[in-house]
Amino acid sequence: MQLFRGDVLPPGEYLYLDLDVVITGNIDCFLDWEGFGIGRDFINPERGLLPGPEHNSSVMRVRADSALWNFFTANTPAWEQAQKQIGFFGDQNVISAWLNKQGLANPFPDAWCWSYKKGVECGKYGDENSRHFGAEIPEGGRICVFHGEPKPEDVSTPWVLEHWR
């Protein structure tokens, strides 16, 4: 959440990527995205831990702005309570709550950011035959997210070995 503090980034727009992602194609489309861009959650995109849709914060197109930080700090007791109840409650839950409250949710197309372990059909699981479950890069795929386990360095999938540097 520190990324959104008003004194962290100079004014401007940024493309944020977690370290455990693999870039597989041209990412200019993320830089051209209008507004706060973010991927849909891979597991529960329509209903998150808090009311409203859930997003995944591994890839975000953001503007340096302290509004999200102010929302975070103004609701700290609620986040602390949520963390006590839900061990994996974190930044993407707070970001999702803010986006939903502000009406700013503007998710990237699912194929651009997909989950290595869940596939490209958000809300599906690998054992439910999600397309492209780690086997290949989906059409239009740009960034593969390795949330949880495995991590890119733990797999021997040929396209991961080619793009993971």
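Read on for a plain summary of the structure. Predicted, not measured: the structure shown is a model, and the values here were computed from it.

### Some thoughts on the overall build of the protein
Along the backbone of the protein there are five helices and six strands. Counting only C-alpha atoms and orienting by the principal axes, one finds that the protein spans roughly 45 × 35 × 25 Å. Expressed as a percentage of its 165 residues, the buried residues of the protein come to 41%. Considering only intrachain contacts with a sequence separation of at least 6, the fraction spanning at least 24 residues in the protein is 72%.

### What to know about the pattern of salt bridges
For the structure shown, the criterion picks out five salt bridges. Its salt-bridge partner being Glu13, residue Arg61 comes within 2.6 Å of it at the nearest N-O pair. One end of the pair, Arg61, is in strand S4 (residues 55-63); the other, Glu13, is in strand S1 (residues 13-17), with 48 residues separating them in the sequence. Glu13 gets classed as partly exposed once you look at its relative accessible area, which sits at 39%. Several salt bridges converge on common partners, so that one network encompasses Glu13, Arg61 and Arg63.

Criteria and thresholds
Residues numbered from 1 in each chain as written. Predicted model: local features only at pLDDT ≥ 70, side-chain atom pairs only at ≥ 80, totals over all residues. Heavy atoms only, no water. Helix = DSSP H or I, 4+ residues; strand = E, 2+ residues; numbered from the N terminus. Buried < 20%, exposed > 50% of the residue type's maximum accessible area, 1.4 Å probe, protein only. Contact = heavy atoms within 4.5 Å. Salt bridge = Lys/Arg side-chain N within 4 Å of Asp/Glu carboxyl O.

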